[in-house]
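Spelled out, the chains give:
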Amino acid sequence: MSATHSRNPSSFSQSHRSNSQHSRSASTSTTVSAFSASVGSGIRPPSVHASSTLARPKSSLAKQRATRGADTRPATSLGTRGGSQDGPNKRMVSVSKFPLPFGARVPVNGSACIQKRLPRSFSNNKALGLPLRPLLPRRDALSTSTITADLADLSLCPETPKSTHPGSPSRIPRPSPRTPPAPEKPSFTPLPFPKISATSPLKPKKEVFLTKYSDLEAWDPEEQYGNMERMYEDVCRHYKEAMEDNVEAKEINNTYKSTVANLELERKELTESMIALRCELETTKYRLEAAERTNHELKRDNEEEVEDLKREHRIDCESIRQSHRSDLDRLKADHREEIRELKRRLEDELEGERSQRLQALAQVSTQGALEKQRHEMDLQSKDQEIRTIGMEVERLKADLEREKSLNDELRQSLASAGTNATAMENSRQALQAKIEYLESDNKSQSEAYAAMERRMNEALEKATECEEKLRKEEMHRRKLHNQVQELKGNIRVFCRVRPTIDSDQTEETAKITIPDSEEETKDIEVKGPDETNSLGKITTKTHQFSFDRVFDPSSDNAEIFEEISQLIQSALDGYNVCIFAYGQTGSGKTFTMSSDDGMIPRALRQIYSTSKELESRGWTYTMEGSFVEVYNEELRDLLGKDGDNCPKKHEIRHDMTTCETTITDVTTLNLDSQDQVEGILAQAMARRSVAATKANERSSRSHSVFILKLAGYNSITGKKSKGTLNLVDLAGSERLSHSKVEGARLKETQNINKSLSCLGDVIGALGQQQATGGVGGLNPRESVNGTNGSGGGAGGHIPYRNSKLTYLLQFSLGGNSKTLMFVMVAPEKKCLAETITSLKFADKVSRTRIGVARKTSGR
Ligand SMILES: Nc1ncnc2c1ncn2[C@@H]1O[C@H](COP(=O)(O)OP(=O)(O)OP(=O)(O)O)[C@@H](O)[C@H]1O
């Protein structure tokens, strides 16, 4: 067992566990005691399998035992019950009481059981490892069944007690150690059954009844006897066989005994080993409990540790999650910021790229237009040349005619000259005679020479006097010119109505009337849009305006320039002159100011020619030109180098002493040749910020200012002059509701409108100053002093600083300068509202009187 235990600990522990669950000790003792009870103490209990095989058979006999109770149990191997009065001996007695000749404990109707038990004993032997041998042949079983059937038919002893014979034929009584040896095999010889004489004839069977009146048949004694005889024979045969069985059973019994002795020894060993195992079991249980306790403690410790670790892990997780979340948020914010930055940068780049492209496009188209215009002009000049040549030819023809007549006259003169020559010869001869006479009189000759010299000096003095007089006349002319300009007003307003440019003539035009006049036209009448009054009547308001000059659509730039050429002269004379074109977008400002035959090139040409003329009077001029634009309240250099990727920041600086304005880092060109003009204009136009708006395909989105500084020096008189000519092409004024622009265009439009409104404010403030008798006339230097150039001071506040444009033109607007404003009018009906607004603005300017212009310092 111990070996088994050590070999198979798992089975042991399993058995141990199962035992512990089901009161192991009780079960074990039950098994052992049951076994002891059945086979006797000291016998090794069979294995599980064997015990199942040896389990109490559920035979009929077992059933009988069960019904009879414990007192009917047969004697055990230990013979504890062997001596009972109910033991097998008693049952033998009971059997022996049977009238049959054998004394076996075979019940009458249990013979079949006897026979059936034997194979079961045989099976038991097999289970116990005993030699197997069939105890009964097959035929015995057949005969037994016959006997049983026969016995069942016995009616002699129908009341034979079946249950009073408890002994099992198969249950061979086990001899107790103290039991005396079995008696010798009894010898049995059955007595012959008394036979009825064979000679007695069998009477024919007659029906005999018990009584005379009974229906019951009476027994036939002969038949009964025959039956008894057969039965007797059978019993004898069976007895013999039983005796043989008995001998065999004894042998088996002996074998059992030795087996039982062995089993007893084994049981003892097992008991000892069981005790040892119990001890071991107890120790193991104790250890197991200790181990369980330790395990429990360890488990608790582990659980606590796990809890701690979990808590720490949770905290760690939470902190990591927190940090990750904050990292994520930060990264998201960074990412968003980067995206915003990238977006902004891309938009800037896009905007820059677009403006560059637009500029390039504008440049190309401008160059194309310029080329075209140049060619047209060339063509015109060629035509002009042809015309001139024709005229020249005509003139030459006339000259020829004249020369011919002159020739005739000369011939006649020659004839007369011949006559004269003769006369002259005569007179020469006379003079010769006179010389001879004079030579004779030297003194009188010297006197004649001195008289001649005197006359010559007198003539030279007279010539100097005349030059001086002429210079005085020039000065006087300038003064008179200036006076004329002053009389015309220091702010003058010209109105120009452009022709309709709609080639299809489908565009409806507004009702603009310019009265025909022999004199210069000064009035304009505009019919406003139809208005419905409160009574539902449609009325049309007529707006009348008067300006210094109104040019109808047929007027060309040359005609207009004639009017302003005197102002250009004023710039040469040392005045600050500002000419600007105002009007809604598409009304013709650029056409008037900056086109090839516009005011700027014409002004430059005039300045060149006049300066040339003045050279003879001792004047030399230096001309410096710069071209800037004010775009979105920032200055841009239009003559800067094309490669400037990063446009420079330009600042406006005013010299309050000399009333000079300079722009930092701006390109200034020395204009010493008339040929430069076109190039300068083309470059400026190409760089100018333009865009297509609803009102104009190439709308100027900035104010362009051409600044020409003229410095003159008279080498004869030593006089100096410094004048500035500002030619301003303002960006188009437009209402946001009309232009329908958005984004960058919207910002441009807002800035344009703001700066135009500032210009109006400055002019208004200058007029106000004059009207209130302020410092009128007024040098902006005076009006800005004391307020750090922000306007105001003693002369009142002039808001020059409110926009870059007015700040730039500070010394060219106001009393110290001569200002001319062109108000441009588009004739289309759709522009009517804006036209009226522009005209009202111009009217306001026109009514403004701004003192007397003064030359800038340096003259
Ligand atoms: N007197 C004119 N005769 C013929 N065409 C003209 C005249 N005035 C303007 N135009 C034409 O009208 C169009 C718009 O003129 P322009 O560009 O000069 O307008 P603008 O007032 O400068 O516009 P913006 O303020 O938008 O720049 C041009 O095609 C120009 O050639």
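Remember, predicted model here, so these are calculated numbers, not experimental data. (Residues numbered from 1 in each chain as written. Predicted model: local features only at pLDDT ≥ 70, side-chain atom pairs only at ≥ 80, totals over all residues.)

## Comments concerning the overall build of the protein chain
From N to C terminus, the protein chain includes 19 helices and 16 strands. Among the 859 residues that make up the protein chain, the fraction classed as buried is 28%. When contacts within the protein chain are restricted to residue pairs at least 6 apart in sequence, long-range pairs at least 24 apart make up 73% of them. (Helix = DSSP H or I, 4+ residues; strand = E, 2+ residues; numbered from the N terminus. Buried ≥ 20, exposed ≤ 12 C-beta atoms within 10 Å, placed from the backbone. Contact = placed C-beta atoms within 7 Å.)

## So, helix 19 (residues 832-846)
Across its 15 residues, helix 19 extends 20 Å between first and last C-alpha, which sits within 8% of the 21 Å expected from 1.5 Å per residue. For helix 19, the set of buried residues is Leu 832, Glu 834, Thr 835, Ser 838, Leu 839, Phe 841, Ala 842, Val 845 and Ser 846. (Expected span 1.5 Å × (residues − 1).)

## Observations regarding the nonpolar core
Core analysis: the largest hydrophobic core is formed by 88 residues, its most contacted members being Cys 495, Ile 579, Tyr 582, Leu 727, Met 821, Val 823 and Ala 842. The residues touching Leu 727, leaving out its near neighbours within four places in the chain, are Ile 579, Met 593, Met 599, Ile 600, Ala 603 and Phe 706. Of all hydrophobic cores here, the second largest spans 5 residues; its members include Ala 249, Ile 252, Tyr 256 and Leu 263. (Core = buried A, V, L, I, M, F, W, Y, C linked by C-beta atoms within 7 Å.)

## Quick look at the sheet that holds strand 2 (residues 512-513)
Pairing within the open sheet is antiparallel, and its 3 strands lie in the order 2-3-4. Both edges of this open sheet fall to strand 2 and strand 4 (538-546), since each of them pairs with a single strand only. Across 2 bridges, strand 2 lies against strand 3 (residues 523-532) in antiparallel orientation. Within strand 3, the residue paired with Ile 512 across the bridge is Val 526. Along the sheet, helix 19 contacts strand 3 and strand 4; its crossing angle with strand 3, the most-contacted strand, is approximately 135 degrees. (Pairing = 2+ DSSP bridges. Axes fitted to C-alpha atoms, helices over the stretch in contact; angles between N-to-C directions.)

## With respect to the packing of helix 11 (residues 557-572) against helix 13 (residues 599-615)
At a minimum axis distance of 9 Å, the contact between helix 11 and helix 13 shows a crossing angle of 50 degrees. Taken together, helix 11 and helix 13 sit at an angle that is classed as oblique. Where helix 11 crosses over helix 13, the handedness of that crossing is right-handed. In this structure, helix 11 uses Asn 557, Phe 561, Ile 564, Ser 565, Ile 568, Gln 569 and Leu 572 to contact helix 13, whose residues at the interface are Met 599, Arg 602, Ala 603, Gln 606, Ile 607, Thr 610 and Ser 611. (Parallel < 35°, antiparallel > 145°, perpendicular 65-115°, else oblique. Left-handed = near helix turned anticlockwise from the far one by under 90°.)

## Remarks on the packing of helix 9 (residues 221-439) against helix 14 (residues 676-687)
Their axes nearest at 7 Å, the elements helix 9 and helix 14 cross at an angle of 145 degrees. Classified by chirality, the crossing of helix 14 by helix 9 is right-handed. Together, Gln 359, Ala 362, Gln 363, Thr 366, Gln 367 and Leu 370 of helix 9 and Ala 682, Met 685, Ala 686 and Arg 687 of helix 14 make up the contact between the two elements. Residue composition of the contact of helix 9 with helix 14, grouped by class: 5 nonpolar, 4 polar and 1 charged. (Nonpolar A, V, L, I, M, F, W, Y, C, P; charged D, E, K, R; others polar.)

## Section: the confidence of the model for the protein chain
Do not read the fine detail of predicted coordinates wherever pLDDT is low. On average, residues of the protein chain carry a pLDDT of 72, and 66% of them reach 70 or more. Confidence drops under a pLDDT of 50 for residues 1-185, and excluding neighbours within four residues, the segment shows 179 contacts in the predicted structure. The ipTM assigned to the predicted complex is 0.98, against a pTM of 0.48. (pLDDT = per-residue confidence, 0-100.)

## Describing the site of the ligand
In the vicinity of the ligand lie 17 residues, with Thr 585, Gly 588, Thr 590, Ser 700 and Gly 732 positioned nearest. Only helix 12 (589-593) and strand 13 (699-700) provide two or more residues apiece to the shell around the ligand. Here the shell around the ligand takes 3 residues from helix 12, the largest share from any one element. In terms of residue class, the shell around the ligand is built from 5 nonpolar, 10 polar and 2 charged. (Near = placed C-beta within 6 Å.)

## Describing unusual backbone geometry
With a phi angle near 50 degrees, Asn 632 is a residue other than glycine that sits in the positive phi range. By secondary structure assignment, the location of Asn 632 is in the loop between strand 7 (619-631) and strand 8 (634-637). Residue classification places Asn 632 among the partly exposed residues on the basis of 16 C-beta atoms within 10 Å. Residue Cys 659 is not a glycine yet carries a positive backbone phi of 55 degrees. As for its placement among the helices and strands, Cys 659 is situated in the loop between strand 9 (652-655) and strand 10 (660-663).

## Observations concerning the pairing of strand 14 (residues 703-714)
Consecutive side chains of a regular strand alternate in pointing toward one face of the sheet and then the other. Summarising burial for strand 14: 9 of the 12 residues are buried, a large majority. Alignment of strand 7 against strand 14, held across 12 bridges, turns out to be antiparallel. The residue bridging Glu 624 from the neighbouring strand is Lys 709, located in strand 14. As paired elements, strand 14 and strand 15 (residues 720-729) share 10 bridges and run antiparallel to each other. Among the inter-strand pairings, Val 705 is bridged to a residue of strand 15, identified as Val 728. Where strand 14 folds back onto strand 15 in an antiparallel hairpin, the turn is made up of 5 residues, including Gly 718, whose phi is positive at roughly 80 degrees.

## Looking at the pairing of strand 6 (residues 576-583)
In terms of burial, strand 6 is a largely internal element, 8 of the 8 residues being buried. Residues Asn 576, Cys 578, Phe 580 and Tyr 582 of strand 6 are buried on one face, and the alternating residues Val 577, Ile 579, Ala 581 and Gly 583, pointing to the opposite face, are buried as well. Of the pairings in the sheet, the one linking strand 6 to strand 15 comprises 6 bridges and is parallel in character. If you follow Ala 581 over to strand 15, its bridge partner there is Asp 729.

## What to know about helix 14
Relative to the 16 Å expected for 12 residues at 1.5 Å per residue, helix 14 spans 17 Å between its end C-alpha atoms, a close match to the ideal helical length. Taken together, the buried positions of helix 14 are Val 677, Ile 680, Leu 681, Gln 683, Ala 684, Met 685, Ala 686 and Arg 687. Contacts made by the buried residues of helix 14 are with helix 9, helix 13, strand 7, strand 11 (669-670) and strand 14.

## Examining the environment of Leu 604
By secondary structure assignment, the location of Leu 604 is in helix 13. A tally of 24 C-beta atoms within 10 Å means that Leu 604 is categorised as buried. Look past the residues within four positions of Leu 604 in its chain and what remains in contact with it is Leu 671 and Val 677.

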